[in-house]
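Inside the fold
Residues per chain, in single letters:
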Amino acid sequence: MRLVHISDLHFGAVSPDLPAFLREAILKANPELLIVSGDLTQRGRAREFEEARVFLDSIAIPQLVVPGNHDVPRWWVVWERFRRPWRHFRRLVQEDLEPVWSRPGLFVMGTNSARTAGWHLDWSRGRLSHHQMARMVKLGQAVDEDSLRVLVVHHPPAAPPQGTRRHLIGRQREFSQSVNLAGVDLVLAGHFHISYAQTLRLSGGSAARNCVLSAVSTAISHRLKGEPNGFHVIEGDARKLSIQAWTWDGMAYKPGRLWRFQRGEGKRDWQEV
Ligand SMILES: [Fe+2]
Ligand SMILES: [Fe+2]
């Protein structure tokens, strides 16, 4: 299995040369699936989605895309934001906001953690509804034991080692329990524009266990948060995973840090090795 995971493209705030280099790097990596974990645009405008569409169409590899908090109209476009928040995404990216992709041995489910508003001033915060979490559990439990189960969500459930002041995904406890019950092995996220991979402790009493969390920097945007542009290449199966960060060095995307994880016997408990 080989996946390429990119995120936070932010068309409308892109470093002009990078899309072509990123495309070339993805084609060279030749994954069976390209995963895009949200924030395709900067302001949720049709023109930006059109640019994202052209970019994605230029890569003839199966793709799984979920939205991010930047993919709805900005708050001052009140009517659009509340009445038809996903109009451009649905028309120009895909109708389904929570797509699923699978083949024997691999199951990937997308979720939409972006929200149009909340009881706080920071509308970039994300969460899943109870209904979305129930769906995740139902889908995950229907997958056969030997398949790697991957969850794609824009907002990360844990902070990077270097820390962040930004919010993690909301409803932490329920999210953690749902990921556990769904038997998820690997969570893929973006949003912080920081690259990291680590184990993620999932609550569940005596059934508590670790899955793997992998989050990526922005692939092509100049909205950097102290880290270079980059993406992750993920290889392995339901027993072992290797995650390699590829970073932009000013000339090319180059392979960098490598993390390895292994699953113990019995329950789906992952450790870094
Ligand atoms: Fe972003
Ligand atoms: Fe975001």
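The structure contained in this document is the topic of the report that follows. (Residues numbered from 1 in each chain as written. Chains lettered and ligands numbered in written order. Predicted model: local features only at pLDDT ≥ 70, side-chain atom pairs only at ≥ 80, totals over all residues. Heavy atoms only, no water.)

Geometry sets the ideal angles at a metal, namely 109.5 degrees for four tetrahedral donors and 90 or 180 degrees for six octahedral donors. The protein atoms donating to the iron ion (ligand 1) are Asp8 (OD), His10 (NE2), Asp39 (OD) and His193 (NE2), with metal-donor distances spanning 2.0 to 2.3 Å. Taken together, the four donor atoms coordinating the iron ion (ligand 1) and their angles of 86 to 172° define a geometry best described as irregular. Sequence spacing of the donor residues for the iron ion (ligand 1), all on one chain, is D-x1-H-x28-D-x153-H. Here the iron ion (ligand 1) and the iron ion (ligand 2) are spaced 3.5 Å apart, and both take Asp39 as a donor. Linking His10 in the loop between strand S1 (2-6) and helix H1 (18-29) with Asp39 in the loop between strand S2 (33-37) and helix H2 (46-57), this pair joins segments that are 29 residues apart in sequence. In this structure, His10 and Asp39 share a single accessibility class: buried. (Donors = N, O, S within 2.8 Å, 3.2 Å for Na, K, Ca; no water. Tetrahedral: all angles 85-135°; square planar, octahedral: opposite > 155°, others 65-115°. Helix = DSSP H or I, 4+ residues; strand = E, 2+ residues; numbered from the N terminus. Buried < 20%, exposed > 50% of the residue type's maximum accessible area, 1.4 Å probe, protein only.)

The next subject is the pattern of salt bridges. Any two side chains of opposite charge can pair, given that their charged atoms come close. Per the stated rule, a full pass over the model turns up 11 salt bridges. Two residues, Glu32 and Arg103, come together in a salt bridge whose shortest N-O distance is 2.7 Å. Separated by 71 residues along the polypeptide, Glu32 in the loop between H1 and S2 and Arg103 in strand S4 (residues 100-103) bring together distant segments of the chain. Note that Arg268 and Glu145 form a salt bridge whose closest N and O atoms lie 3.5 Å from each other. Of this pair, Arg268 sits in the loop between strand S12 (253-263) and strand S13 (270-272) while Glu145 sits in the loop between helix H5 (130-141) and strand S6 (148-152); the two residues are 123 residues apart in sequence, bridging distant segments of the chain. Shared partners join several salt bridges into a network, and the residues in it are Glu145, Arg149, Asp185 and Arg268. (Salt bridge = Lys/Arg side-chain N within 4 Å of Asp/Glu carboxyl O.)

This brings us to the packing of H5 against helix H6 (residues 172-181). Packing of H5 against H6 leaves a shortest axis separation of 8 Å and a crossing angle of 15°. Our classification of the angle between H5 and H6 gives roughly parallel. The handedness of the crossing between H5 and H6 comes out as right-handed. Contact residues: H5 offers His130, Met133, Met136, Val137 and Gln141, while H6 offers Glu174, Phe175, Ser178, Val179 and Leu181. A per-class count over the contact of H5 with H6 returns six nonpolar, three polar and one charged. (Axes fitted to C-alpha atoms, helices over the stretch in contact; angles between N-to-C directions. Parallel < 35°, antiparallel > 145°, perpendicular 65-115°, else oblique. Left-handed = near helix turned anticlockwise from the far one by under 90°. Contact = heavy atoms within 4.5 Å. Nonpolar A, V, L, I, M, F, W, Y, C, P; charged D, E, K, R; others polar.)

This next bit is on the pairing of strand S8 (residues 196-202). Counted residue by residue, S8 has five buried out of seven residues, so it is predominantly covered. Bridge count between S8 and strand S9 (residues 209-215): seven bridges; the pairing is antiparallel. By the bridge assignment for S9, Thr199 is matched with Val212. Where S8 folds back on S9, the antiparallel hairpin that results is connected by six residues, among which Gly204 adopts a positive phi of roughly 160°. (Pairing = 2+ DSSP bridges.)

Let's shift gears to the sheet that holds S1. Here we have seven strands laid out as an open sheet, ordered S3-S2-S1-S10-S11-S12-S13, and mixed in their pairing. Edge positions in the sheet fall to strand S3 (63-66) and S13, since each has one partner strand and no second. Between one strand and the next, the sheet's axes are offset by a mean angle of 25°, whatever the strand orientation. Both strand S10 (residues 230-236) and strand S11 (residues 240-248) contribute to a ladder of seven bridges, which runs antiparallel. Bridge pairing in S11 links Phe231 to Trp246. In the packing of H1 onto the sheet, contacts are made with S1, S2, S10, S11 and S12, and the angle to S1 comes to roughly 165°.

The subject of this paragraph is the packing of aromatic side chains. Summed over the entire model, instances satisfying the criterion amount to seven aromatic pairs. Consider the rings of Phe11 and Phe55, whose centres lie 5.8 Å apart with planes at 50°: the pair is tilted. One end of the pair, Phe11, is in the loop between S1 and H1; the other, Phe55, is in helix H2, and 44 residues separate them in sequence. Ring centres of Trp86 and Phe89 lie 6.3 Å apart, and the angle between their planes is 80°; this geometry places the pair in the edge-to-face category. (Phe/Tyr/Trp six-rings, centres within 6.5 Å; stacked < 30°, edge-to-face > 60°.)

Protein-derived ligands of the iron ion (ligand 2) are Asp39 (OD), Asn69 (OD1), His154 (NE2) and His191 (ND1), with the metal-ligand distances lying across 2.1 to 2.3 Å. One can describe the donor arrangement at the iron ion (ligand 2) as irregular, given that its four donor atoms subtend angles of 87 to 160° at the metal. Linear spacing of the donor residues for the iron ion (ligand 2) on their chain is D-x29-N-x84-H-x36-H.

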